[in-house]
Amino acid sequence: NAALRFIDAQMFIPMTLMTSIYPLLSKSFYLKEPKIFKIFNKLIFIFVITGFCITLILFFFAETLINLFFPIEYLDATSVLKILTLMLTFYFSNFLLSQSLIAFGKELTFTLIMILSSFVYILVGFIFIPKYGYQAAAWSRVAVEFLISVSLFFSLIMKLKTENNKLSNDPI
């Protein structure tokens, strides 16, 4: 729980970024503006780099942070915090990818990905948590965020390719 407090505190960053750019993303896609591809490429770069930088900071300062904010009994949370920080880069990109799918009208695809991921998370938990405990819970969260990233990425690429083909075949 102590480790999750640090991870949860980072969630406001992609939420804030998406709140400010979602209207632009949605409008550009709706109007079928060719600049949508440039916008998306810049945004994915920003989200991944931001998530990666925060991951590095939390990973390398995990023990210091746990010692600073919690009593000594929580020192074991350091290893869990280090594991969970690995999911932040995926989480940041997932936030952009999921909101992009929604902006592009693929709500059902997003919902199916999340349902499948939830089942995988539960299944992995039933298999590994009884034997490996909280470490397995942390690793399963990282694995599921990775699975979500891959699924969202390929779904979005397929949607963008379809739209790009429509734009290039559009007789103007």
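### Some words on the overall build of the protein
And then number 1: When you go through the protein residue by residue, the secondary structure sums to eight helices and zero strands.
And then number 2: When its helices and strands are written in sequence order, the protein yields α-α-α-α-α-α-α-α.
And then number 3: C-alpha atoms of the protein, sized along the principal axes, occupy 65 × 35 × 20 Å.
And then number 4: Relative to its 172 residues, the protein shows a buried fraction of 40%.
And then number 5: Sequence separation of at least 24 residues holds for 80% of the intrachain contacts in the protein that already meet a minimum separation of 6.

### So, the nonpolar core
And then number 1: Within the largest apolar cluster, 46 residues are counted, with the highest numbers of intra-cluster contacts made by Ile 7, Leu 25, Leu 96 and Phe 104.
And then number 2: The set of elements that each furnish at least two residues to this core consists of helix H1 (2–9), helix H2 (12–30), helix H3 (36–60), helix H4 (62–69), helix H5 (77–85), helix H6 (88–103), helix H7 (107–132) and helix H8 (134–168).
And then number 3: Ranked by residue count, the leading element in this core is H3, at nine residues.
And then number 4: Once residues lying within four places of it in the same chain are set aside, the contact partners of Ile 7 are Leu 58, Leu 81, Leu 84, Thr 85, Met 87 and Leu 88.

### Points about the packing of aromatic side chains
And then number 1: Inspection of every chain in the model, using the stated rule, returns five aromatic pairs.
And then number 2: When the centroid spacing of 5.3 Å and the interplanar angle of 85 degrees are considered together, the rings of Phe 59 and Phe 60 count as edge-to-face.
And then number 3: Judged by its relative accessible area of 26%, Phe 59 is partly exposed.
And then number 4: Ring plane angle 50 degrees and centroid distance 6.1 Å describe the contact between Tyr 91 and Phe 95, whose orientation is recorded as tilted. Highlighted residues: Tyr 91 and Phe 95, both in helix H6, separated by four residues, approximately one helical turn. This pair shows no difference in class: Tyr 91 is buried, exactly as Phe 95 is.

### Considering the packing of H3 against H6
And then number 1: Running from amino to carboxyl end, H3 crosses H6 at an angle of 155 degrees, the nearest separation of the two axes being 7 Å. Put simply, H3 runs roughly antiparallel to H6. Classified by chirality, the crossing of H6 by H3 is right-handed. Residues Phe 40, Leu 43, Ile 44, Phe 47, Val 48, Thr 50, Gly 51, Phe 52, Ile 54, Thr 55 and Leu 58 of H3 touch H6, and the partners they reach there are Leu 88, Thr 89, Phe 92, Ser 93, Leu 96, Leu 97 and Ser 100.
And then number 2: Its residues assigned to classes, the contact of H3 with H6 comprises twelve nonpolar, six polar and no charged.

### Focus on the side chain of Ser 93
And then number 1: Inspection of the secondary structure puts Ser 93 in helix H6.
And then number 2: Among all residues touching Ser 93, those that are not within four sequence positions of it are Ile 44, Val 48 and Ser 149.

### A word on a nonpolar patch on the surface
And then number 1: There is a patch of nonpolar side chains on the surface, built from Leu 108, Leu 112, Ile 115, Phe 119, Ile 122, Leu 123, Phe 126, Ile 127, Phe 128 and Tyr 132 and spanning about 1,100 Å² of accessible area.
And then number 2: Residue position: Leu 108 is located in helix H7.
And then number 3: The exposure class of Leu 108 is exposed, given its relative accessible area of 61%.

### Describing the confidence of the model for the protein
And then number 1: Model confidence for the protein is summarised by a mean pLDDT of 85, while 93% of its residues fall at 70 or above.
And then number 2: H1 is the least confidently modelled element of the protein, averaging 73 in pLDDT, while H7 averages 94, the highest of any element.

### Structural notes on the side chain of Ser 149
And then number 1: Along the chain, Ser 149 turns up in helix H8.
And then number 2: If we ignore the near neighbours within four places in the chain, the residues touching Ser 149 are Phe 90, Ser 93, Asn 94 and Leu 97.

### Side note on H5
And then number 1: Of all nine residues making up H5, seven are buried, and the element is well covered by its neighbours.
And then number 2: Residues of H5 that are buried include every one of Ala 77, Thr 78, Val 80, Leu 81, Ile 83, Leu 84 and Thr 85, and no others.

Reading the values: the criteria
Residues numbered from 1 in each chain as written. Predicted model: local features only at pLDDT ≥ 70, side-chain atom pairs only at ≥ 80, totals over all residues. Heavy atoms only, no water. Helix = DSSP H or I, 4+ residues; strand = E, 2+ residues; numbered from the N terminus. Buried < 20%, exposed > 50% of the residue type's maximum accessible area, 1.4 Å probe, protein only. Contact = heavy atoms within 4.5 Å. Core = buried A, V, L, I, M, F, W, Y, C linked by side-chain atoms within 4.5 Å. Phe/Tyr/Trp six-rings, centres within 6.5 Å; stacked < 30°, edge-to-face > 60°. Axes fitted to C-alpha atoms, helices over the stretch in contact; angles between N-to-C directions. Parallel < 35°, antiparallel > 145°, perpendicular 65-115°, else oblique. Left-handed = near helix turned anticlockwise from the far one by under 90°. Nonpolar A, V, L, I, M, F, W, Y, C, P; charged D, E, K, R; others polar. Patch = residues over 30% accessible without salt bridge, like charges linked within 9 Å, V, L, I, M, F, W, Y side chains within 5 Å. Areas by Shrake-Rupley, 256 points an atom, 1.4 Å probe, with all protein chains shown as cover. Salt bridge = Lys/Arg side-chain N within 4 Å of Asp/Glu carboxyl O. pLDDT = per-residue confidence, 0-100.

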